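Fold and contact review
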Amino acid sequence: GESSAATALYHYTNGPLVGEIAVLQHGNITVIGAHSATLITEVLGKILLELNMAPTPLPEGVRLSKRAGKTLLVNFNPHAVAWNGLTLEPVSFTFV
């Protein structure tokens, strides 16, 4: 059977929790105990690469989803956003 022990992937390096676990993994579950965009991006990037999935960097406020062979880009910003040669209109969606 699977071990019941989780693995600490990252520890806090400063602040009041220095030395404590910041990211914990058990099987296919990863828990990030901090709201740090940098840490989240790094952890998810590593997980995606382990799954042979390339991360897709997007502008702030833009989301990309793939379903049933279609790719949908959603711009939640109140202004137009340029990405990958496209101009995404304010508060809009685009199939690519």
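Residues numbered from 1 in each chain as written. Predicted model: local features only at pLDDT ≥ 70, side-chain atom pairs only at ≥ 80, totals over all residues. Heavy atoms only, no water.

Brief notes about the packing of aromatic side chains
Just so we agree on the cut-off: Side-chain rings of Phe, Tyr and Trp (the six-membered ring for Trp) are treated as a pair once their centres are within 6.5 Å; stacked means planes under 30 degrees apart, edge-to-face means over 60, and tilted covers the remaining angles.
Inspection of every chain in the model, using the stated rule, returns one aromatic pair. Centre to centre, the rings of Phe 93 and Phe 95 are 6.0 Å apart; their planes meet at 85°, and the pair counts as edge-to-face.

Here's the deal with the environment of Leu 24
Where we set the bar: Going along the chain from the N terminus, every DSSP run of H or I of four or more residues is numbered as a helix, and every run of E of two or more is numbered as a strand. In this description, contact between two residues means that some pair of their heavy atoms is separated by no more than 4.5 Å.
Structurally, Leu 24 can be placed in strand E2 (residues 21-26). Placed 18 residues apart in sequence, Leu 24 and Ala 6 show a C-alpha to C-alpha distance of 6.5 Å. The contact partners of Leu 24, leaving out residues within four places of it in the chain, are Ala 6, Thr 7, Ala 8, Ile 29, Thr 30 and Val 31.

What about the sheet that holds strand E1 (residues 7-11)?
Stated formally: Two strands qualify as a pair provided that DSSP identifies no fewer than 2 bridges between them. Axis definition: a line fitted to C-alpha atoms, over the contacting stretch in the case of helices. Angles run 0 to 180 degrees between N-to-C directions.
Read from one edge to the other, the open sheet built from three strands follows the order E1-E2-E3, with strand pairing classed as antiparallel. Two strands bound the open sheet, and with one partner strand each, they are E1 and strand E3 (29-32). With strand direction ignored, the average angle separating the axes of adjacent strands in the sheet is 20°. Bridge count between E2 and E3: four bridges; the pairing is antiparallel. Paired with Leu 24 across the bridge in E3 is Val 31.

Overview of the nonpolar core
The test is simple: Joining through side-chain atoms within 4.5 Å is the link that ties buried Ala, Val, Leu, Ile, Met, Phe, Trp, Tyr and Cys residues into a set, and such a set is a nonpolar core. Burial status follows relative accessibility: with a 1.4 Å probe on protein chains alone, a residue under 20% of its type maximum counts as buried, one over 50% as exposed, and anything between as partly exposed.
Grouped together as the largest cluster of nonpolar side chains are six residues: Tyr 10, Tyr 12, Ala 22, Val 23, Leu 39 and Val 43. Residue assignment for this core shows that the elements contributing at least two residues are E2 and helix H1 (37-50). Not counting residues up to four positions away in its chain, the partners in contact with Val 43 are Tyr 10, Val 23, Thr 30 and Ile 32. Membership of the second largest hydrophobic core comes to five residues, among which are Val 62, Val 81, Trp 83 and Leu 88.

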